[in-house]
Amino acid sequence: MTIQTKALLVHFLTATGAVFAMLAMLAAVDENWSMMFVWLVVAFFVDGIDGPLARKYDTKTNAPIFDGVLLDLIIDYLTYVFVPAYALFKSGLLPGWTGWFAIIVITFASAMYFADNRMKTKDYSFSGFPGCWNMLILVMFALQPNFWVIVALVVVLSAAMFFPVRFVHPVRTQRWRTVTLPMAAAWTLFAGWAAWVNFDPASWAHYGLMITSIYLLGAGAAQQIMYGKDG
């Protein structure tokens, strides 16, 4: 198999995320939240491995007919933002106007963030909250906090997209990667587990989700404080 073929197959792998997004959306329409999140976790796993493969086989050089960055952004918007926002709206976690408020803020702010040329820092971290609503909303389904807590998180994290606060990229941010990468893998495992058991409150997966989510949300800011904004 030539390197050109391998590079093309990486694009095909990335494109499977669109299929998983559709399967997740179909499950969401049926309000089968567990299955929806299972598909989103599968898409999250694919998103974690296609980038390293794209760099390994240099898709820009060996399969330049497709724009891998654009393809990835389209699928990320579907799986990270659009489907999870719909699920939050239909779940009943946000009553009345709060559901409309959340989906409008999430989809609008995320669209602007995904088009922002400043979203990556020199160390390949994210500048601003990277629109990982799939992660946040899955945790909300698991913990089911008061709706005001969810509204507050939506407001704070939507605003944080455009503040110079750093968030680690689990694969590309080198600093603390020996911790961050296993944390991201553990989050994926706990997320799949929580969805598979239909968010059973007795499941230990909830504790794993809380610990890994806190780390992934706060590691970038901690690095910024410890090493400076350019560190």
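Position numbers for residues count from 1 along each chain, tracking the sequence in the order it is written. Given that this is a predicted model, residues contribute local features only at a pLDDT of at least 70 and side-chain atom pairs are listed and counted only at 80 or more, while totals for whole chains, interfaces and linings are drawn from all residues. Derived side-chain values reflect all non-hydrogen atoms in the structure, with water molecules and hydrogen atoms excluded from consideration.

### A few points about the overall build of the chain
A helix here means a DSSP run of H or I that spans at least four residues, while a strand means a run of E at least two residues long, and both kinds are numbered starting from the N terminus. The secondary structure content of the chain amounts to nine helices and two strands. Ordered by position in the sequence, the α and β elements of the chain form the string α-α-α-α-α-β-α-α-β-α-α. A radius of gyration in this sense is built from C-alpha atoms; the matching globule rule multiplies 2.2 Å by the number of residues raised to 0.38. Against the globule reference of 17 Å for 231 residues, the chain gives a C-alpha radius of gyration of 17 Å, in line with a compact fold. Relative accessibility decides the category of a residue: with a 1.4 Å probe and only protein chains considered, values under 20% of the type maximum give buried, values over 50% give exposed, and everything between is partly exposed. In the chain, which comprises 231 residues, the proportion classed as buried is 45%. Across the chain, contacts joining residues at least 24 apart in sequence account for 77% of those joining residues at least 6 apart. For the chain, the exposed surface amounts to about 11,900 Å²; the carbon and sulfur share of it is 71%. As used throughout, the charge tally considers Lys and Arg to be positive and Asp and Glu to be negative, leaving His and the chain termini uncounted. Charge positions come from single atoms, namely NZ of Lys, CZ of Arg, CG of Asp or CD of Glu. Computed over 13 positive and 12 negative side-chain charges, the inter-centroid distance for the chain is 11 Å. Any two residues whose heavy atoms approach within 4.5 Å are treated as being in contact. For every accessible area listed, the method is Shrake-Rupley and the probe measures 1.4 Å; residues are considered covered only by the protein chains on display.

### Remarks on the side chain of His 206
Along the chain, His 206 falls in helix H9 (residues 205-227). Within polar-contact distance, the side chain of His 206 engages the backbone oxygen of Asp 200 at 3.3 Å. The residues touching His 206, leaving out its near neighbours within four places in the chain, are Ala 142, Leu 143, Ala 194, Phe 199, Asp 200 and Pro 201. Two N or O atoms count as a polar contact when they lie within 3.5 Å, although within protein this holds only if one can serve as hydrogen donor and the other as acceptor, and sequence-adjacent residues are included solely when both atoms are side-chain atoms.

### Structural notes on the nonpolar core
Nonpolar cores were defined as sets of buried Ala, Val, Leu, Ile, Met, Phe, Trp, Tyr and Cys residues, with membership established by side-chain atoms within 4.5 Å. Counting 58 residues, the largest nonpolar core has Met 36, Phe 37, Trp 133, Trp 187 and Phe 199 as its most contacted members. If you list the elements that add at least two residues to this core, you get helix H1 (3-29), helix H2 (33-56), helix H4 (68-90), helix H5 (97-114), helix H6 (133-143), helix H7 (147-160), helix H8 (177-196) and H9. Ranked by residue count, the leading element in this core is H6, at nine residues. The residues touching Phe 37, leaving out its near neighbours within four places in the chain, are Asn 134, Ile 137, Leu 138, Phe 141, Ala 195 and Phe 199.

### Considerations on the packing of aromatic side chains
When two rings of Phe, Tyr or Trp (its six-membered ring) have centres within 6.5 Å they constitute a pair, described as stacked for plane angles under 30 degrees, edge-to-face for angles over 60, and tilted for the intermediate range. Enumeration according to the criterion identifies 18 aromatic pairs in this entry. Summarising the aromatic geometry, the rings of Phe 44 and Tyr 80 are spaced 6.2 Å apart at their centres and angled 35° between planes, so their arrangement reads as tilted. In this pair, Phe 44 is assigned in helix H2 and Tyr 80 in helix H4, connecting sequence segments 36 residues apart. Ring pairing ties together the aromatic residues Trp 33, Phe 37, Phe 141 and Phe 199, which thus form one cluster. A cation over a ring is seen here: Arg 172 above Tyr 124, with NZ or CZ 3.8 Å from the ring centre. Only lysine NZ and arginine CZ atoms are considered, and such an atom sits over a ring when it is within 6 Å of the ring centre and within 35 degrees of the ring normal. Sitting above the plane of the Tyr 227 ring, Arg 175 keeps its charged end 3.9 Å from the centroid.

### A closer look at the packing of H2 against H6
Lines fitted to C-alpha atoms define the axes here, with helix axes fitted over just the stretch in contact, and angles between the N-to-C directions of these axes take values from 0 to 180 degrees. Between H2 and H6, the shortest axis-to-axis distance is 11 Å and the interhelical angle comes to 150°. The angle between H2 and H6 falls in the class roughly antiparallel. Crossing hand, H2 versus H6: left-handed. Between H2 and H6, the residues in contact are Trp 33, Phe 37, Val 41 and Phe 44 and Asn 134, Met 135, Ile 137, Leu 138 and Phe 141, respectively. For classification, angles of less than 35 degrees are called roughly parallel, those exceeding 145 degrees roughly antiparallel, those between 65 and 115 degrees roughly perpendicular, and all remaining angles oblique. Take the far helix as your reference; a near helix turned counterclockwise from it by less than a right angle gives a left-handed crossing, and one turned clockwise gives a right-handed crossing.

### Considerations on H4
Every helix has an expected span of 1.5 Å times one less than the residues it contains. Between the first and last C-alpha of H4 there are 32 Å, a value that for 23 residues agrees with the 33 Å anticipated at 1.5 Å per step. Each residue is assigned a bend, namely the angle between axes fitted to the seven residues that terminate at it and the seven residues that start at it. At Leu 78, H4 shows its strongest bend, of approximately 35°. Its side-chain oxygen placed 3.1 Å from the backbone nitrogen of Val 69, Asp 67 serves as the N-cap of H4.

### Some details on H2
Its 24 residues place the ends of H2 35 Å apart at the C-alpha level, agreeing with the 34 Å of an ideal helix rising 1.5 Å per residue. Just past H2, the residue Asp 58 takes up positive phi, approximately 50°.

### Some thoughts on a nonpolar patch on the surface
To count toward a patch, a residue needs a relative accessible area above 30% and no salt bridge. Like charges then connect within 9 Å, nonpolar side chains (Val, Leu, Ile, Met, Phe, Trp, Tyr) within 5 Å. Here, a salt bridge means any side-chain nitrogen of Lys or Arg that lies within 4 Å of a carboxyl oxygen of Asp or Glu. On the surface, Met 1, Leu 9, Phe 12, Ile 65 and Phe 66 cluster together into a nonpolar patch covering about 580 Å² of accessible area. The residue Leu 9 is located in helix H1 in this model. A relative accessible area of 40% means that Leu 9 is categorised as partly exposed.

### Section: the pattern of salt bridges
For the structure on display, the rule yields two salt bridges. As a salt-bridge pair, Arg 118 and Asp 116 come within 2.9 Å of each other at their nearest N and O atoms. We classify Asp 116 as buried; its relative accessible area is 15%. Its salt-bridge partner being Asp 123, residue Arg 166 comes within 3.5 Å of it at the nearest N-O pair. One end of the pair, Arg 166, is in strand E2 (residues 166-167); the other, Asp 123, is in the loop between H5 and strand E1 (126-127), with 43 residues separating them in the sequence. We classify Arg 166 as buried; its relative accessible area is 6%.

None of this, on its own, says anything about what the molecule does.
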